[in-house]
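Report on the structure
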Amino acid sequence: MNIKYFWSREFLAKSWFLWLLLICNGLGTIYGYIWYGAQLHYTAEFRPWWQLPFVPDSPTASLFFCLALILLLYPPKRMAGILLQPLIQALAVVTSIKYGIWACVMIFAGAAQGNELVWQDWMLVASHSAMAIEVLLYVRLFHLQSPALIAAITYTLLNDMIDYSFMVFPWLPSVLNDDLIAVEVFTFSLTLFSGALAWWAMRAAGRAPRDMMSGR
């Protein structure tokens, strides 16, 4: 069997594999929210309540991907679900690429300045790399549309603005605290890059905007 089969549309669309991914990503999402537990508790105690949803960036991205997988397993039949599906899938793609890359870069940036890498760091590198890779593979099965993609990029930029305006960004390795301006610039730039990469992946998958708008 050709190894390319394992990232073909046929293989990726198999229900048992979708369920396997859903279970793995679901467990990862739960672990991610637990990982942010201390920061969520701190935010709830010292910050306005409305800032809480903007704290756990990576698990929320993973949650979007879980919802996108559910929509592949159970395609929506009602108009509300049909209209919502492209937005959820666009959010999954943009945020998973962005936070998958962001976490890995922050871990290695910390290591470059002397932060010791432990096994949890390598686990996070593996899991966050998988976040970015899996959504790029699934773009071919998603119903991405240009308005939904623009909305997803806008949401992610808004999240960045709140993170760095109200200081609710994910806690960094301590050695990076004096590089906050560089981290902020990188974060905003990475959002734009992730949106551009999602757009390219959409076009490469044969879903150019003019095709989608015409319904083909």
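Residues numbered from 1 in each chain as written. Predicted model: local features only at pLDDT ≥ 70, side-chain atom pairs only at ≥ 80, totals over all residues. Heavy atoms only, no water.

Regarding the overall build of the protein chain
Filter applied, for reference: What counts as a helix is a DSSP run of H or I of at least four residues, what counts as a strand is a run of E of at least two, and both are numbered from the N terminus. In this setup the radius of gyration rests on C-alpha atoms only. A globule is expected at 2.2 Å times the number of residues raised to 0.38. Burial classes follow relative accessibility: with a 1.4 Å probe on protein chains only, a residue under 20% of its type's maximum area counts as buried, one over 50% as exposed, and anything between as partly exposed. Any pair of residues with heavy atoms lying within 4.5 Å of one another is described as a contacting pair. Residue-level accessible areas treat just the shown protein chains as cover; the underlying method is Shrake-Rupley with a 1.4 Å probe.
Within the protein chain, the regular secondary structure consists of 9 helices and 0 strands. Starting at the N terminus and ending at the C terminus, the protein chain contains elements arranged as α-α-α-α-α-α-α-α-α. Over its C-alpha trace the protein chain gives a radius of gyration of 18 Å, about what one expects of a compact globule, namely 17 Å for 216 residues. The dimensions of the protein chain, computed from C-alpha atoms along their principal axes, are 50 × 40 × 30 Å. Taking all 216 residues of the protein chain together, 44% fall into the buried category. When contacts within the protein chain are restricted to residue pairs at least 6 apart in sequence, long-range pairs at least 24 apart make up 79% of them. Of the roughly 11600 Å² of accessible surface on the protein chain, a fraction of 71% belongs to carbon and sulfur atoms.

Thoughts on the packing of aromatic side chains
In this description, a pair of aromatic rings is defined by centroid distance and the angle of the planes. What counts, and what does not: Between rings of Phe, Tyr and Trp, where Trp is taken as its six-membered ring, a pair exists when centres lie within 6.5 Å; planes separated by under 30 degrees are stacked, by over 60 edge-to-face, and by other angles tilted.
With the rule as written, the count across this model stands at 14 aromatic pairs. Between Tyr42 and Phe46, the ring centres sit 4.9 Å apart and the planes meet at 40 degrees, which makes this aromatic pair tilted. Highlighted residues: Tyr42 and Phe46, both in helix α3 (residues 37-46), separated by 4 residues, approximately one helical turn. The exposed category is assigned to Phe46, whose relative accessible area is 55%.

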